[in-house]
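A structural walkthrough
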Amino acid sequence: MTLVLAIIAAFTLASAACAFSRRNLIHSALLLILTWAGVAGFYLWAGAEFVAFAQVLIYGGAVSMIVLFAVLLTRRSIVDPIVTPASRSRVAAAMGVGTAVVAVLVAAVLNTSFGPEPVHAPTAEVRQIGFQLMGPQAGSLLVIGVILTIALIGATILAASDRENPRAVGASARSRMGKGELSTAGRRAVLPVHGKDAAS
Amino acid sequence: MSAAFLVSLAASANAWMSGRAFPARTLVAPDADRFLERAPLAARDWVVGFFPVSLHWLVHSLISIVAVLAVFGLFFAFLTIIERKLLGRIQNRLGPNRTGPFGLLQPFADAVKALTKEDIVPAAADKLLHFLAPVIVVAFGLMGFAVLPFGRDIIPVELDAAVLYFFAASSATELAIFMAGWSSRNKYSLLAAMRALAQLISYELPLLLSIVPVVMLASTLSTSEIVRAQGGWTLGILPHWNVLTPWGAAGFLIFVVAALAESNRSPFDLPEAESELIAGHLTEYSGFKYALFFMAEYFGMTALCGLGVTLFLGGWQAPCAFLEFIPSYVWFGAKLFGLILGLIWIRGTLLRLRIDQLTRLAWKFLVPLALINLANAAFWSLTAGLPWPGQIARWIVSMALVAVPFVTIGRTLSAGLAPRTYKYA
Amino acid sequence: MNTLQLCLVFSSVLFAIGLMAALARSNAILVLLGIELMLNAANLNFVAFWRFGPASDGATGVIFVLFAIAVAAAEAAIGLALVIAIYRHQKNIRLQEATRLKG
């Protein structure tokens, strides 16, 4: 049992560490997808199959797509999304903070005496999860629905291209100059062209 | 292959190690005692009996994996020749008929060609990703077969959340398509891969939404339970399959359209058609890797058809009570084959859609219809106990809930477009 | 060190890796990926306690993880849409250059 946990943990931590030390952004994204798969493996080992499949479906099937699209839409060079590594002092400071956090957390974990393991492993059958979601947790489910709808609308609006901007600038300019002047000027500009077209 | 092996192994090992009794394959239905019906399971148990008890879970999984690979590998091989002959006949010509009688050895000729072709990898390509993409596509395409109930009690892995597992397995194939397009370091491949990705994620939504009513009415995510819930016959001749209800018919049609798009098949084969951006994201692939992509597309199509048969067409259930003497796996195979023939027919008949046409179809047409279908199925479930005049009203309201949105949304979306006229020669 | 403590150490190290990535990198997308990793580590904690902790009523830990995954996905979508909007404005996504409030 513990051997399988050790293998899953080693795989996940290794891919996470590699993901954040690569220079190529696409390689980082793909290694992070491997990390998420490793986390799903942990869920499978712990017996929470529904969550494991949900993790693969949501993270590997949807969030990874968003990340890859974002990487491809925000690069300057057409060929490779290379990121410059951070400066040495910054990396050292981050490593220091990270190590301190790990030390504090591991010390807290190792010094706490948790109760004995339950005799039977808990099972989360789909039916049980369904009854919980529709019964006691129905309010949370509705809130999650609202959150996801807001995220959908917000992301669409934020990422939509600003095609209205030039027209908006033109409209405000026109309103500043006064409606009469520019419209007659526009009409005068338009008419000769029309005349030429009609003649030809 | 190894991925399917690992999943099956993990499931059996998990069951074995956590002390749960290894699922005993007991056949309870009276007709199941017939010899033909029992034959596959009896054969498997006979082979497993040769090994010591501690290895039973391993041998059990290995036999399921080998059986699935052998059956569906051969099925894929003959599907290619059947498709080419049928498309030929639809197009008023003979299909391949040179290799072997009626061209039946064509798949093996194709395999030899694919294996002996030079494997060209572009010099600037990302070698590891270029190699991994076809492998991942085939592996995760095969993993979907693990939860299809091929017959009474014949299912490789019995999972509580089987339908969710199926979609988790097929979501990794989309990643592999992106990897294929990006690792080729070709502008056109990348563009085509992003278009393919847009098509795949657009059609995932109608696919999942069309399945939710089935899950809701069967109140389980397990595929074998869903097939069992479609058992029984009214008056001995009318089966209780989901497709024979109004919401089921609409759901099945949405599922078929979305499945066509998810497996990149005509009329949604924009990503891989030869006249669109050369060959799309597969431009830089040749030889065996191209054959692997081709194989993965057929496996994906077969798995999705298998899921459609399971969820809508009653799985391994026979259509009439007196036809139950035919074994359950024969019924599953016949329904699967019939559905695939329907898809081949569609391929030979309908024109290819442009990318904006197909995304518009997904988001503006199929998603609202699938949501209304969900409400329709809920209405159907809530009115299940009415006396018989209420039943007639229930059918009429349900069919109206299918027909009216279809006509109104269809008319609204095609407003302003002239009717299509075909000029022959 | 029993199994529960091993799981918690694993999730702590994963959390720390995500934290280091979010602090050290200046590319907005990598910072967001670090945050996603931290959320995943917290989910690992939940599942570990659900599995090895004192027996509670069946599925609460698992349901919490489902909600956390949904919220993390929504936050990733908004964050990456923001990254695209920033890119459109300043033509690169280095966080050091996104220092002015007025666009």
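By convention here, each chain's residues receive numbers from 1 onward along its written sequence. Whichever chain is written first is A, and whichever ligand is written first is 1; the rest continue in order. In keeping with the predicted nature of the model, local features appear solely for residues at pLDDT of at least 70, side-chain atom pairs appear and are counted solely at 80 or more, and the whole-chain, interface and lining totals rest on all residues.

1. Quick word on the overall build of chain C
- Every helix listed is a DSSP run of H or I at least four residues long, and every strand listed is a run of E at least two residues long, numbered separately from the N terminus. On a plain count of helices and strands, chain C comes out with 3 helices and 0 strands.
- Two things to know: the radius of gyration comes from C-alpha atoms, and the globule rule equals 2.2 Å times the number of residues to the power 0.38. Since a compact globule built from 103 residues should have a radius of gyration of about 13 Å, the 17 Å found for chain C marks it as more spread out than a globular shape.
- With respect to the principal axes defined by its C-alpha atoms, chain C has extents near 55 × 25 × 15 Å.
- For chain C, with 103 residues in total, the buried portion stands at 51%.
- This entry defines residue contacts through backbone-placed C-beta atoms, with two residues in contact when those atoms are within 7 Å. Restricting the contact set of chain C to residue pairs at least 6 apart, pairs at least 24 apart contribute 55%. The burial label depends on the number of other C-beta atoms within 10 Å of a residue's C-beta. Counts of 20 or more mean buried, 12 or fewer mean exposed, and intermediate counts mean partly exposed, with C-beta atoms placed from the backbone.

2. Observations regarding the overall build of chain B
- Looking only at helices and strands, chain B has 13 helices and 2 strands in total.
- Expected size for 425 residues packed as a compact globule is a radius of gyration near 22 Å; at 23 Å, chain B falls within 12% of this value.
- Across its three principal axes, chain B shows a C-alpha extent of roughly 65 × 65 × 45 Å.
- Relative to its 425 residues, chain B shows a buried fraction of 41%.
- Contacts spanning at least 24 positions in sequence make up 77% of the contacts within chain B whose residues lie at least 6 apart.

3. Here's the deal with the interface of chain C and chain A
- Contacts between the two partners involve 60 residues from chain C, matched on the other side by 69 residues from chain A.
- For the side of chain C that touches chain A, the elements supplying multiple residues, two or more each, are helix H1 (3-24), helix H2 (28-52) and helix H3 (60-90) of chain C.
- Among the elements that line the side of chain C that touches chain A, the one with the most residues is H3(C), at 20 residues.
- Considered class by class, the residues forming the side of chain C that touches chain A number 49 nonpolar, 9 polar and 2 charged. In this classification, Asp, Glu, Lys and Arg are treated as charged, Ala, Val, Leu, Ile, Met, Phe, Trp, Tyr, Cys and Pro as nonpolar, and every other residue, Gly included, as polar.

4. Examining the interface of chain A and chain B
- On the chain B side, the residues contacting the 17 residues of chain A number 18 residues.
- Looking at the side of chain A that touches chain B, the elements with two or more residues in it are helix H2 (25-46) and helix H3 (49-73) of chain A.
- At 11 residues, the largest contribution of residues to the side of chain A that touches chain B is made by H3(A).
- A breakdown of the residues in the side of chain A that touches chain B according to their chemical character gives 12 nonpolar, 3 polar and 2 charged.

5. A few points about the environment of Lys289(B)
Residues and elements named next belong to chain B.
- For Lys289, the location among the structural elements is in helix H10 (residues 288-311).
- Considered as a pair, Lys289 and Ile120 are 169 residues apart in the sequence and their alpha carbons are 9.8 Å apart.
- Setting aside residues up to four positions removed in sequence, Lys289 forms contacts with Asp119 and Pro134.

6. Things to note about the packing of H10(B) against helix H11 (residues 328-349) of chain B
Residues and elements named next belong to chain B.
- It is at 9 Å that the axes of H10 and H11 come closest, and there the two elements cross at 120°. In terms of orientation, H10 and H11 fall into the oblique class. Considering the relative orientation of H10 and H11, their crossing is right-handed. Together, Met301, Thr302, Cys305, Gly306, Gly308 and Val309 of H10 and Phe332, Lys335, Leu336, Leu339, Ile340 and Leu343 of H11 make up the contact between the two elements.
- Considered class by class, the residues forming the contact of H10 with H11 number 8 nonpolar, 3 polar and 1 charged. The convention used is that axes are lines fitted to C-alpha atoms, helices contributing only their stretch in contact, and that angles between N-to-C directions extend from 0 to 180 degrees. Each angle gets one of four labels, with under 35 degrees taken as roughly parallel, over 145 as roughly antiparallel, 65 to 115 as roughly perpendicular, and the rest as oblique. The handedness criterion is simple: a crossing whose near helix is rotated anticlockwise from the far helix by less than a right angle is left-handed, and one whose near helix is rotated clockwise is right-handed.

7. What about the nonpolar core?
- To define a nonpolar core, we join buried Ala, Val, Leu, Ile, Met, Phe, Trp, Tyr and Cys residues through C-beta atoms within 7 Å and take the resulting set. Counting 177 residues, the largest nonpolar core has Phe50(A), Ile29(C) and Val62(C) as its most contacted members.
- A total of 15 residues in this core trace back to one element, the largest contributor, which is helix H6 (residues 162-183) of chain B.
- Beyond its immediate sequence surroundings of up to four residues, Ile29(C) is in contact with Leu25(A), Val67(A), Ala70(A), Val71(A), Val83(C) and Ile93(C).

8. Re the environment of Gly248(B)
- Examined against the element boundaries, Gly248(B) turns out to sit in helix H9 (residues 246-262).
- Apart from the residues lying within four places of it in its own chain, the contact partners of Gly248(B) are Asn242(B), Val243(B) and Phe312(B).

9. With respect to unusual backbone geometry
- Here the phi dihedral of Phe102(B) falls at roughly 55°; this positive angle occurs in a residue that is not glycine.
- Mapped onto the elements of the fold, Phe102(B) is located in the loop between helix H3 (56-90) and helix H4 (106-116).

10. Observations concerning the packing of H2(C) against H3(C)
All names here are of chain C.
- Direction vectors running N to C along H2 and H3 enclose 180°, while the axes themselves pass 10 Å from each other. Judged by the inter-axis angle, H2 sits roughly antiparallel to H3. Between H2 and H3, the residues in contact are Ala28, Ile29, Leu32, Glu36, Leu39, Ala42, Asn43, Phe46, Val47, Phe49 and Trp50 and Gly61, Val62, Phe64, Val65, Ala68, Ile69, Ala72, Ala76, Gly79, Leu80, Val83 and Ile86, respectively.
- For the contact of H2 with H3, the per-class residue count stands at 19 nonpolar, 3 polar and 1 charged.

11. Looking at the confidence of the model for chain B
Residues and elements named next belong to chain B.
- With 91% of its residues at a pLDDT of 70 or more, chain B has an overall mean of 85.
- Summary of the metric used: pLDDT quantifies the predictor's per-residue confidence within the range 0 to 100. Mean pLDDT in chain B bottoms out at helix H1 (residues 2-17), which sits at 50, and peaks at H9, which reaches 94.
- Across residues 13-28, confidence stays below pLDDT 50; counting only partners more than four residues off in sequence or on other chains, it has 14 contacts.

12. Section: helix H13 (residues 388-413) of chain B
Residues and elements named next belong to chain B.
- Between its first and last C-alpha atoms H13 spans 38 Å; for 26 residues at 1.5 Å apiece the expected length is 38 Å, and the two agree.
- Where H13 is concerned, the buried positions are Ser398, Leu401 and Val402.
- Where H13 is buried, its residues meet H9 and helix H12 (355-382). Residue count minus one, scaled by 1.5 Å, sets the expected span of a helix.

13. Quick word on the environment of Ile58(A)
Residue and element names in this part refer to chain A.
- Note that Ile58 resides in helix H3.
- The buried category is assigned to Ile58, around which 20 C-beta atoms lie within 10 Å.
- Along the sequence, Ile58 and Leu148 sit 90 residues apart, while their C-alpha atoms lie 13 Å from each other.

14. Focus on the confidence of the model for chain C
- Per-residue pLDDT for chain C has a mean of 89; in total, 96% of the residues score no lower than 70.
- Scored by ipTM, the complex comes to 0.91, with pTM at 0.86.

15. Notes on H9(B)
Residue and element names in this part refer to chain B.
- With 17 residues, H9 extends 24 Å from end C-alpha to end C-alpha; this agrees with the ideal 24 Å at 1.5 Å per step.
- Extensive coverage of H9 is indicated by the burial of 14 of its 17 residues.
- One or two positions beyond H9, positive phi appears at Asn264, with a value near 55°.

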